[in-house]
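One letter stands for each residue in the lines below.
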Amino acid sequence: MKKVRCLENGRFYRDPGRPAHKMWTPDECSKYFLCLEGEVFDFRCSSDLLFDVDRQICDFKLNVDNCDLTADRADCPEGYLGCADSTCLPQEYFCDGSSDCQDGSDEAGCNLLEDPNGASPCDPKTCVLPDCFCSSDGTEVPGYLPPSMVPQMILLTFDDAINDENWDLYSRVLFPKIYQNPNRCPIKATFFVSHQYNNYHYTQQLWNDGHEIAIHSITHRGPEEWWAINATIEDWFDEMVGQANILNRFSKVRMDQIRGMRAPFLRPGWNKQFLMMKEFGFVYDSSVVAPFDNPPIWPYTLDHKIPHDCKEAKQLCPTRSYHGIWELPLNQLEAGSFTCSMVDSCPSDLTGNDVYDMLTHNFKRHYLSNRAPLGLYFHSTWFKNHEYLTAFQKFLSDILKEPDVWFVTSWQAIQWMRQPKTVDQLHDFAPWGCKRSFDQSEIACSTPNVCKLYSRV
């Protein structure tokens, strides 16, 4: 490897040791370097592209006018870093989701490896339950319990609005009282609710029935990339905290019971989203897609670096430490030669028997390995295929015969992880019980108030 002087960690630069009087060639302009913990790694742009030091990207030749710039930074005092124009700013300003350098260079190259304020690797000596959980590869069981003593949790989640299109499915078809956990409590699910077309009376009834209500934004606006790239911290706050306030106002869901969120289109918003979550007090996110692997990944807190790659679905995952915030990653399902993060993103040409086999196969992947929670994530339209609905109901009936299988909400899964219990201790585990109490004003009425919606949208 070519010997070059190692500049600050986490920023790409050109060879600062090159003679200044020598003319730069296109070949040299396509090369750049990265310094990490004293080691230098070299890279090269694709053919016909040059590296723009200011913007920290490869671009077409016509768009790059700084070929002679090496990005050698000013000597900044301790606790400060240099912008590309040599201005020194506090280190915490870099990779925080807000441009502070005039050229925006404080927000360039901010991925899991390069954030100068990035979270540290997992340290099981200091990261202890109930408030912190990590492992080097994300596959270890909480409490170091043997898998045979761990309940196999299954997390059913449904995204988007609750309304007449799916109310019969949710209220009658999927959750009849015959579907019960080993403690004889009805099985439960988590609903990630977005505002448009949502019926808040139905939402209140689901909450009264013991299901978890979580956040999926107000607008669910497009394009998909907006959430990951363009949305500001303020946008995330307006969308997610705004929806929490709407649910509290119109469905009476208690604010302290609105704990989780999922980014629209599974496009997490990097540090901007998680700074908002920390500020508001969200407990967990469930937007990050984990690479397919065996055994699957357990949920983890964001005190330390994410224990897996974050390249699925063009996701921008958090790079900083967010103490006590849980991530419930989406372990991908295996469907023949395909993998899919949500059940309804699996191949659409499957038969009912194929669906049953796929669900059973993925259940065994979890149940016979480390028993990480099996997430089955849906949009309600998937169930309009009668074969799929029948296959899912058969799957439910079959696996509920197992004495150590539990269908729980996302929050209930976190409660178990915070205080792990063996399968023989779960019948008296209060967070998984049936007892719920509501004030009279919180109970869904039989005849809701209806107001005319004048907006054509």
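Here, every reference points to the structure presented above.
Quick caveat: nothing in here was measured; it's all calculated off a predicted structure.

> Even after reading the chapter, I still don't get the state of the cysteines, so can you show me in this structure?
Note on terminology: a disulfide is the covalent bond linking the sulfur atoms of two cysteines. Tallied over the full model, the rule gives eight disulfides. Across the disulfide from C76 sits C88; the S-S distance is 2.1 Å. Because the torsion about its S-S bond is -85 degrees, the bridge between C76 and C88 counts as left-handed. Placement of the pair is C76 in the loop between β5 (57-60) and β6 (80-82) and C88 in strand β7 (residues 88-90), with a sequence separation of twelve residues. Across the disulfide from C310 sits C317; the S-S distance is 1.6 Å. On the sign convention where negative is left-handed, the bridge of C310 and C317, at about 40 degrees about the S-S bond, is right-handed. Here C310 and C317 have matching classes, each one buried.

> Sorry if this is basic, but what is going on with the environment of E92 here?
By secondary structure assignment, the location of E92 is in the loop between β7 and β8 (152-159). On the basis of relative accessibility, which here comes to 46%, the residue E92 falls in the partly exposed class. For E92, the contacting residues outside a window of four places in its chain are N117 and R320.

> When you look at the nonpolar core in this model, what are you seeing that I'm missing?
A general tendency of soluble globular proteins is for nonpolar side chains to be buried together. Among the nonpolar cores identified, the biggest contains 75 residues, and L156, F158, F191, L376 and F392 are the most heavily contacted of them. If one sorts the elements of this core by residue count, helix α8 (residues 386-399) sits on top with seven residues. Ignoring sequence-local partners within four residues, the contact set of F158 consists of Y170, L174, F175, A189, T190, F191, F192, F378 and F383. By size, the runner-up hydrophobic cluster in this structure holds 23 residues, among which are F133, L155, A372 and M417.

> Got a minute to help me understand the layout of surface pockets in this structure?
Where empty space is left can be seen by rolling a probe of water-molecule size over the atoms. Estimates place the volume of the largest pocket at around 970 Å³. Along the walls of the largest pocket sit 23 residues, with N198, N199, Y200, N449 and C451 positioned nearest its centre. Looking at the lining of the largest pocket, the elements with two or more residues in it are α3 (200-208) and α5 (233-251). Counting residues per element, the lining of the largest pocket draws most heavily on α3, which supplies three residues. Taken as a whole, the second largest pocket holds about 730 Å³ of empty space. C110, N111, L112, W270 and L316 are, among the 29 residues lining the second largest pocket, the residues nearest its centre. Elements with a minimum of two residues in the lining of the second largest pocket: α4 (224-230) and α6 (270-280). Taken together, the residues that form the lining of the second largest pocket break down as ten nonpolar, nine polar and ten charged.

> Teacher, can you tell me more about the packing of aromatic side chains here?
By convention here, two paired aromatic rings are described through the distance between centres and the angle between planes. Following the criterion strictly, the structure yields 23 aromatic pairs and no others. Ring centres 6.2 Å apart and planes at 80 degrees place the aromatic pair F158 and F175 in the edge-to-face group. Taken as a pair, F158 in strand β8 and F175 in the loop between α2 (167-173) and β9 (190-193) lie far apart in primary sequence, 17 residues in all. Residue F158 shares its accessibility class with F175, and that shared class is buried. Each member of the aromatic cluster is reached from another via a ring pair, and the members are F158, Y170, F175, F191, F378, W382, F383, Y388 and F392. Looking at R221, its charged tip hangs above the ring of W226, at a distance of 3.9 Å from the centre. Note that K394 overlies the ring of Y356, its terminal NZ or CZ placed 4.0 Å from the centroid.

> What is the right way to look at α6 in this model?
It helps to recall that an α-helix has 3.6 residues per turn; residues three or four apart then point in one direction. When α6 is considered as a whole, its buried residues turn out to be W270, N271, K272, Q273, F274, M276 and M277. Against α4, α5, β11 (260-261), β12 (284-285), β14 (300-302) and β15 (322-327) lie the buried residues of α6. In the segment just after α6, G281 is the residue with positive phi, at about 105 degrees.

Criteria and cut-off values
- Residues numbered from 1 in each chain as written.
- Predicted model: local features only at pLDDT ≥ 70, side-chain atom pairs only at ≥ 80, totals over all residues.
- Heavy atoms only, no water.
- Disulfide = S-S within 2.5 Å.
- Helix = DSSP H or I, 4+ residues; strand = E, 2+ residues; numbered from the N terminus.
- Buried < 20%, exposed > 50% of the residue type's maximum accessible area, 1.4 Å probe, protein only.
- Contact = heavy atoms within 4.5 Å.
- Core = buried A, V, L, I, M, F, W, Y, C linked by side-chain atoms within 4.5 Å.
- 1 Å grid on protein atoms, 1.4 Å probe; cavity = no way out; pocket = protein on both sides within 12 Å on 5 of 7 lines; lining within 4 Å.
- Points joined across faces, edges and corners; volume = space filled by probe spheres on them.
- Nonpolar A, V, L, I, M, F, W, Y, C, P; charged D, E, K, R; others polar.
- Phe/Tyr/Trp six-rings, centres within 6.5 Å; stacked < 30°, edge-to-face > 60°.
- Lys NZ or Arg CZ within 6 Å of the ring centre and 35° of its normal.

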